Amino acid sequence: MGDILKIIAENKREEVSASRRRLPYGELKRFAREDVRPTISMAGGINASGASGIIAEFKRRSPSRGEIAPMARVSDVVSGYGKAGASACSVLTDTRFFGGSPADLAVAREITGLPLLRKDFVVDEYQIYEARLWGADAILLIAALLTPDQVADYTGVAHDLGLEVLLELHTEAEVRHICTGIDMVGVNNRDLSTFKTDLGCSASMICSLQGIGATVIAESGIHAPEDVVCLRRSGYAGFLIGQAFMENADPASELKRFIAYESGK
């Protein structure tokens, strides 16, 4: 499949260029700043007393898995996640590779009071203003796509808009991307160049994240409730889970099963 991350990033830059032509940057910034909706803390939701810590993801497909739930409706799935006990929701807004859309995020915002993460591949600060306008409470920044200076700059833009930041790492070398003020740091068990997963990545990275002052989240490759129990014992507070839920006919029921299992331990 080649370096999938590079392919996605190139496509994303083309999308942003097209978006800038449709809606000039200055106008987007004005619209976003006029949005008076109070944002909801995703880190706060994960760390709340009695919280599951699970960030339940809505996605229809992925480059590695292909079609997962092509006919899934965000209104059904996200409302179910909220009732089942999710601490937050992640919504894919990439269309070409993940089958998502900005409309999915906007609909999710209308139907839930949970904090929402705009899950996408941020390569331009334009996308941060989009996230605010579409209803997000937090954005994802991927260290493999950005320089440490870009992470710091984009974090500043996000905070200025009232958004939190989840910084995603995959290797020890990327720890240097962590900057002052980062709200959450995620360890992605999926190598974004090959899209292969290894849960051992979270286990090996946790020692490098002690004392960073941010909420630490394990991402991808979490397929069983036992994985959540193990990761929490390792020091993770949050768990971003998508495929394990979305490949189930009733994603919310699978989320309930995960939570019930840990509650019974």
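Because the structure is a prediction, the values reported are computed rather than measured.

The rules behind these values
- Along each chain, residues carry numbers from 1 onward, in the same order as the chain's sequence is written.
- Since the coordinates come from a predicted model, pLDDT governs what is reported: local features require at least 70, and pairs of side-chain atoms require 80 or more to be given and counted, while whole-chain, interface and lining totals use all residues.
- Computation of side-chain values: all heavy atoms of the structure, hydrogens and water removed.
- For each residue, the accessible area found with a 1.4 Å probe, counting protein chains only, is set against the maximum for its type, and the residue is called buried under 20%, exposed over 50%, and partly exposed in between.
- Helix and strand definitions here come from DSSP, where helices need a minimum of 4 consecutive H or I residues and strands a minimum of 2 consecutive E residues; each element is numbered from the N-terminal end.
- In this scheme, strands are said to pair when DSSP sees at least two bridges between them.
- Here, the term right-handed applies to a crossover whose path from the first strand over the helix to the second runs clockwise when the strands point away from the viewer.
- Within this scheme a cavity is a closed region of a 1 Å grid, computed over the protein atoms alone, that accommodates a 1.4 Å probe without allowing it to escape, whereas a pocket is open but has protein on both sides within 12 Å along at least five of seven lines; lining residues each have an atom within 4 Å of a point.
- Grid points are joined across faces, edges and corners, and a volume is the space filled by probe spheres set on the points.
- Basically, the charged four are Asp, Glu, Lys and Arg, the nonpolar ten are Ala, Val, Leu, Ile, Met, Phe, Trp, Tyr, Cys and Pro, and anything else, Gly included, counts as polar.
- Axis lines are fitted to C-alpha atoms, over the contacting stretch for helices. Their N-to-C directions set the angle, which ranges from 0 to 180 degrees.
- Here a crossing is taken to be left-handed if its near helix is turned anticlockwise relative to the far helix by less than a right angle, and right-handed if that turn runs clockwise.
- Pairs of residues are marked as contacts when any of their non-hydrogen atoms sit within 4.5 Å.
- Stacked, edge-to-face and tilted labels apply to pairs of Phe, Tyr and Trp rings (six-membered ring for Trp) whose centres lie within 6.5 Å, assigned for plane angles under 30 degrees, over 60, and everything in between, in that order.
- We call a charge positioned over a ring when the NZ of a Lys or the CZ of an Arg lies within 6 Å of the ring centre and within 35 degrees of the ring normal.
- Throughout this description, the term salt bridge denotes a Lys or Arg side-chain nitrogen within 4 Å of a carboxyl oxygen of Asp or Glu.

Asker: Would you explain the pairing of strand E4 (residues 88–92) in this entry?
Answerer: Along any regular strand, the residues point their side chains to alternate faces of the sheet. Most of E4 is tucked away: five of the five residues are buried. Side chains Ala88, Ser90 and Leu92 project from E4 onto one buried face, and the interleaved Cys89 and Val91 project onto a second face that is buried too. In the sheet, strand E1 (residues 54–58) pairs with E4 via four bridges, with the strands oriented parallel. Its bridge partner being in E4, glutamate 57 is matched across the sheet by serine 90. With four bridges connecting them, E4 and strand E5 (residues 116–119) associate as parallel partners. Note that in E5 the partner of serine 90 across the bridge is leucine 117. A crossover links E4 with its parallel partner E5, the connecting element being helix H5 (residues 102–111), and its sense is right-handed.

Asker: Teacher, can you tell me more about empty space enclosed by the protein here?
Answerer: Over the atoms a probe the size of a water molecule is rolled, and this reveals where empty space is left. One pass over the full model with this rule turns up one cavity of 30 Å³ or more. Of all the secondary-structure elements, those providing two or more residues to the lining of the largest cavity are strand E6 (138–142), strand E10 (238–241) and helix H10 (243–246).

Asker: When you look at the layout of surface pockets in this model, what are you seeing that I'm missing?
Answerer: In this model, the largest pocket occupies a volume close to 170 Å³. What lines the largest pocket is a set of 14 residues, among which Glu15, Ser19, Pro102, Arg118 and Trp134 lie closest to the centre. Listing elements by their share of the lining of the largest pocket, those giving two or more residues are helix H1 (4–22) and helix H6 (126–134). Per-element accounting of the lining of the largest pocket gives the leading share, five residues, to H1. Classifying every residue of the lining of the largest pocket by side-chain character gives three nonpolar, four polar and seven charged.

Asker: Could you clarify how one ought to interpret the packing of helix H2 (residues 25–34) against H6 in this entry?
Answerer: For any two helices packed against each other, one specifies the crossing angle of their axes together with the interaxial distance. It is at 9 Å that the axes of H2 and H6 come closest, and there the two elements cross at 35°. Where H2 crosses over H6, the handedness of that crossing is left-handed. Between H2 and H6, the contacting residues are Tyr25, Leu28, Lys29, Phe31, Ala32 and Arg33 on the first element and Tyr126, Tyr129, Glu130, Arg132 and Leu133 on the second. Per-class residue counts for the contact of H2 with H6 are seven nonpolar, no polar and four charged.

Asker: Would you take a moment to explain the packing of aromatic side chains for this structure?
Answerer: For any two aromatic rings, the description comes down to two numbers: the centre-to-centre distance and the angle of the planes. Evaluated as defined, the whole model comprises five aromatic pairs. Ring geometry for tyrosine 25 and tyrosine 129: centres 5.7 Å apart, planes at 80°, overall edge-to-face. Within this pair, whereas tyrosine 25 is found in helix H2, its partner tyrosine 129 is found in helix H6, the two being separated by 104 residues in sequence. Each member of the pair, tyrosine 25 together with tyrosine 129, is buried. Members of the aromatic cluster, each reached through a chain of ring pairs, are Tyr25, Tyr126 and Tyr129. The side chain of arginine 20 reaches across the aromatic face of tyrosine 25, ending 4.6 Å from its centre. When the ring centre of tyrosine 25 is taken as reference, the NZ or CZ atom of lysine 29 above it lies at 5.0 Å.

Asker: When you look at the side chain of serine 62 in this model, what are you seeing that I'm missing?
Answerer: You can see serine 62 is positioned in strand E2 (residues 61–62). Residues in contact with serine 62, not counting those within four places in the same chain, are Ile68, Phe97 and Phe98.

Asker: How should the pattern of salt bridges be read in this particular structure?
Answerer: Pairing between side chains becomes possible if they bear opposite charge and their charged atoms approach one another. Overall, the coordinates contain 19 salt bridges when judged by the stated rule. Its salt-bridge partner being glutamate 15, residue lysine 12 comes within 3.0 Å of it at the nearest N-O pair. Here lysine 12 and its partner glutamate 15 are both found in helix H1, three residues apart, which amounts to about one turn of the helix. A residue is classified by how much of its surface remains accessible, and lysine 12, at 2% relative accessible area, is buried. Put simply, aspartate 160 and arginine 33 hold a salt bridge, and the shortest N to O gap is 2.8 Å. Of this pair, aspartate 160 sits in helix H7 (residues 148–160) while arginine 33 sits in helix H2, and the two are 127 residues apart along the sequence. Connected through salt bridges with shared partners, the residues Lys12, Glu15, Asp94, Arg118, Asp120 and Glu130 form a single ionic network.

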